[in-house]
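# Structural features, examined
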Amino acid sequence: MVTEICEGVYWVGVVDWALRHFHGYELSTPRGSTYNSYLIKDEKTVLVDTVWGPFADEFLANVREVVDPAAIDIVVANHAESDHSGGLPAIMRHCPEATVVVSKRGAESVPGHYHQDWNFKVVGTGDKINIGQHELVFVEAPMLHWPDSMFTYLAGKNLLMPNDAFGQHYATDKRFNDEVDQHELYEEALRYYANILTPFSEMVIKKIDEVLALGLPVDMIAPSHGVIWRDDPLQIVEKYKEWAAQKGEQRAVILYDTMWQGTRLMAEAVGAGLAAEGVPYKIFYAPVAERNQVLTEIFRAKAVVVGSPTVNRGYISTLGTYMEDLRGLGFKNKVGAAFGSYGWSGEAVKIIEEHLERCKITVAAPGVRAKWQPTADDLAACAELGREVARAVKGA
Ligand code: FEO
């Protein structure tokens, strides 16, 4: 349902209640998502972002509730990823002469997706476009989260439209942050940050400082996914600064796979050691765990302890995706450790430790290996490993 979010500015996006995976199957979205698009009626009619292509008809119908799409003068494409630009071809068929505003890198990525000779206008930080009573102000936001990403600010309404930044994959019938369950909202905002924005945390801090230094008053932050922050909108900015610092909580994640339960027994013994030192932990069994939940928990925690049996002279393949995630997400300020049972050669623990170090996760204590099923001594060694990790967490 179209919503006037402030006088003359309309949410014309769509809610994707059914979405459970995003970026193909790279990211899970257990609460669906929304693709937010904002229509501004002034002397000029402006559309800021569109929606994912499969929803183009529904989107056009929403636009038509407010204006004839042929009347659109300016379309701002803050970011080329298809969940925001997918509706561009449908809109542009109605207003082919409209100006399509893009960032410098958007001048590569938007045409690169659609191969259309639209009337592009390239803008940079501080550039403005007068649309009548109001002005659009643009702020480049490279790597939040693509090189082309850009924020659009509507001066006079104090409305910041930062595209993916501050978003949440959160389908709801409500449009504003004060209308929804706060636990759900923050769970999704954190999942979004941890899984998408973690690698760019240093840039998040710099960009937030840069935007705040512009001194632009902000009454509302309207991202391209999820709800609009109108109640204390800077609360999510503060939260992003906190998350970007990646200080981590005094808690641990134990992630393991097992073939005949030996490594599972070791995982539980490591947990007992953590608990003995007062550090809470969660254990995830890799083959059935929900990957993005695990990564979110690793983001929150100061420690990640990985357990694997040795298979084919390495760690078990179900852990491979997590090993790649630890590399790619580039978590900061974490300690780690490894453990695992083995039958013959037993390389997995050493390989995991080497990988943790390559990921700049400090190995807190030498790993524990158990030949065949773990003995009582092996489990005691795992508990001691948990205690050492806990002490590193508390000292870190
Ligand atoms: Fe980077 Fe919501 O797409």
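Above this text is the structure in question.
What this report covers is the structure whose coordinates are included nearby. (Residues numbered from 1 in each chain as written. Predicted model: local features only at pLDDT ≥ 70, side-chain atom pairs only at ≥ 80, totals over all residues. Heavy atoms only, no water.)

## Description of the environment of H115
We apply this condition: The numbering of helices and of strands both runs from the N terminus, where a helix is a DSSP run of H or I of at least 4 residues and a strand a run of E of at least 2. Each polar contact in these results corresponds to two N or O atoms within 3.5 Å; when the atoms are within protein, one needs to be able to donate a hydrogen and the other to accept it, and residues that are neighboring in sequence are counted only if both atoms are side-chain atoms.
By the secondary structure assignment, H115 is in the loop between helix 4 (106-114) and strand 11 (119-122). At 3.2 Å, the side chain of H115 and the backbone oxygen of G112 are in polar contact.

## Quick word on the side chain of R191
The cut-off we apply is this: It only takes one pair of heavy atoms within 4.5 Å for two residues to be counted as in contact.
Within the element layout of this structure, R191 appears in helix 5 (residues 182-197). Separated by 2.8 Å, the side chains of R191 and S28 make a polar contact. Dropping the residues within four chain positions of it, R191 is found in contact with S28, P30, E290, N292, Q293 and T296.

## A closer look at the nonpolar core
Our working rule: The definition of a nonpolar core used throughout is a set of buried Ala, Val, Leu, Ile, Met, Phe, Trp, Tyr and Cys residues joined through side-chain atoms within 4.5 Å. For every residue, the accessible area obtained with a 1.4 Å probe (protein chains only) is divided by the maximum for its type, and the residue is called buried under 20%, exposed over 50%, and partly exposed between those limits.
Judged by nonpolar contacts, the single largest core of 90 residues is most densely connected at I91, I236 and Y240. Ranked by the residues each element gives to this core, the list is headed by helix 5, at nine residues. When neighbours within four sequence positions are excluded, I236 is seen to be in contact with F166, Y186, A189, I221, W229 and W243. Counting 26 residues, the second largest nonpolar core, distinct from the first, contains V9, V101, F138 and F176.

## Overview of the pairing of strand 10 (residues 99-102)
Definition in use: Strands pair, by our definition, only if DSSP identifies at least two bridges between them. Assignment of crossover handedness uses the view with strands pointing away from the viewer, where a clockwise path from the first strand over the helix to the second indicates a right-handed crossover.
Pairing between strand 9 (residues 74-76) and strand 10: three bridges, direction parallel. Residue V75 lies in a different strand from strand 10, and its bridge partner there is V100. Here four bridges tie strand 10 to strand 11, and the two strands are oriented parallel to one another. Residue pairing in the sheet places V101 in a bridge with K121 of strand 11. For the segment spanning strand 10, helix 4 and strand 11, crossover handedness is right-handed.

## A look at the sheet that holds strand 16 (residues 220-221)
What counts is decided by this rule: The axes used here are C-alpha line fits, helices contributing only the stretch in contact, and every angle between their N-to-C directions lies in the interval 0 to 180 degrees.
An order of 12-13-14-15-16 is seen for the five strands of this open sheet, with the pairing classed as mixed. The open sheet is flanked by strand 12 (128-130) and strand 16, the only strands paired with a single partner. Across six bridges, the pairing between strand 13 (residues 135-140) and strand 14 (residues 150-155) is antiparallel. Bridge pairing in strand 14 links L136 to L154. The strands that helix 6 (residues 201-213) touches are strand 13 and strand 14; relative to strand 13, the one it contacts most, it runs at about 150 degrees.

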